[in-house]
Amino acid sequence: MPRIEPLAPPYTADVDRALRRWMPPGVPHGPLALFRVLHRNPELASRMFALGAGLLGHGLLPAIDREIVIARVTARSACAYEWGVHAATLAPQAGLTPEQLRATTRPDVTASAPWSPRHTALLHAVDELNDTTRLSPSAWDALHTHYDEAQLLELLVLIGWYRTISHLANGLLLEPEPWGHRFPTP
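What this report covers is the structure whose coordinates are included nearby. Position numbers for residues start from 1 in each chain and track the written sequence from start to end. In keeping with the predicted nature of the model, local features appear solely for residues at pLDDT of at least 70, side-chain atom pairs appear and are counted solely at 80 or more, and the whole-chain, interface and lining totals rest on all residues. Side-chain measures were taken over the full set of non-hydrogen atoms in the model, leaving aside hydrogen atoms and water.

### Regarding the overall build of the chain
Inference 1: Looking only at helices and strands, the chain features 10 helices and zero strands.
Inference 2: Only DSSP runs of H or I covering at least 4 residues are called helices, and only runs of E covering at least 2 are called strands; the numbering of each starts at the N terminus. Listed by position from the N terminus, the elements making up the chain come as α-α-α-α-α-α-α-α-α-α.
Inference 3: Relative to a compact globule of 186 residues, whose C-alpha radius of gyration would be 16 Å, the chain shows 17 Å and is just as compact.
Inference 4: When its C-alpha atoms are laid out on the principal axes, the chain stretches across 50 × 35 × 30 Å.
Inference 5: Burial classes: relative accessible area under 20% of the type maximum marks a residue as buried, over 50% as exposed, and values in between as partly exposed (1.4 Å probe, protein chains only). When the 186 residues of the chain are sorted by exposure, 43% land in the buried category.
Inference 6: Sequence separation of 24 or more characterises 68% of the internal contacts of the chain that already satisfy a separation of 6 or more.
Inference 7: For the chain, the exposed area adds up to about 9700 Å²; of that, 59% sits on carbon and sulfur atoms. For a compact globule the rule gives 2.2 Å times the number of residues to the power 0.38, and the radius of gyration it is set against comes from C-alpha atoms. What makes two residues a contact is simply this: any of their non-hydrogen atoms within 4.5 Å. Surface accessibility in these figures is a Shrake-Rupley result with a 1.4 Å probe; residues are shielded only by whichever protein chains are displayed.

### Considering the nonpolar core
Inference 1: To qualify as a nonpolar core, a set must consist of buried Ala, Val, Leu, Ile, Met, Phe, Trp, Tyr and Cys residues joined through side-chain atoms within 4.5 Å. Core analysis: the biggest nonpolar cluster contains 39 residues, and Leu34, Val69, Tyr81 and Leu143 have the highest contact counts within it.
Inference 2: If you list the elements that add at least two residues to this core, you get α1 (13-22), α2 (33-38), α3 (42-57), α4 (63-76), α5 (80-88), α8 (117-132) and α10 (149-172).
Inference 3: Looking at this core, the element that brings in the most residues is α10, giving nine residues.
Inference 4: If we ignore the near neighbours within four places in the chain, the residues touching Tyr81 are Leu32, Ala33, Leu34, Ala169, Leu174, Glu175, Pro176 and Glu177.
Inference 5: Listed in part, the 15 residues of the second largest apolar core include Ile64, Trp83, Ala87 and Ala94.

### What about α4?
Inference 1: To estimate the expected span of a helix, count its residues, drop one, and scale the result by 1.5 Å. For α4, which comprises 14 residues, the first-to-last C-alpha distance of 20 Å matches the rise-based estimate of 20 Å (1.5 Å per residue) to within 8%.
Inference 2: The buried fraction of α4 amounts to 12 of the 14 residues, a majority that puts the element mostly inside the structure.
Inference 3: Every buried residue of α4 is accounted for by Ile64, Asp65, Arg66, Glu67, Ile68, Val69, Ile70, Ala71, Arg72, Val73, Thr74 and Ala75.
Inference 4: Buried-residue contacts for α4 involve α3, α5, α6 (90-94), α7 (98-103), α8 and α10.

Structure (C-alpha cells):
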C-alpha cells in the first residue's frame, strides 16, 4: 500500500485534463499511480511536468541512450516501479533488447550484455555518479567523445531527474504498475 494514496476516478475536470497531458496519446492504460499521487499537489505536479516531459519528448539525446540511462539509474536506485514502467514501454520502443534491459539490473552491467563504446561510457558514468556523485576526468572524457556540451548537460540532468523520481516512487512505496515489467531477480 502506498504511503499516499493515488487519486482515483472520477477526477475533477482540472485533474483529468492534467493527467491526460501526462500520458502519451493512445496509451492503452490509465494514468500512472505516480502521476495520480503527484496530483495530490497539483502545483508541484505542474512544475515537475515541464522537466519530465521535456526530457522524454524534446531531449537532445538519442532515445536509446536516454532509456539506457533511465534503466540503469532506476535499477541502481532499486526502483522497481519506474524501471518496470520504462522496461514495458519506452525502452523497447527505443530499441533496448530484453537482454540489455536485464543487464541494467546487474552489478556487472557492461559484462552482462553487448554494449557499444558510447553506451558503455553512459553506463560507467551512471554508476560513477551513483557511487560518488562525481564524474572522474576519464568518465567525462569518455562521454565527451560521443556527446556535445548541450547533450552532456542534458545527460547530467537526466541522471539526476530519474534519481529523484526513484526516490519519490521508493519513498511512497509505490507498487509496480500491473502492466509494467517485473524487476529481474538475481
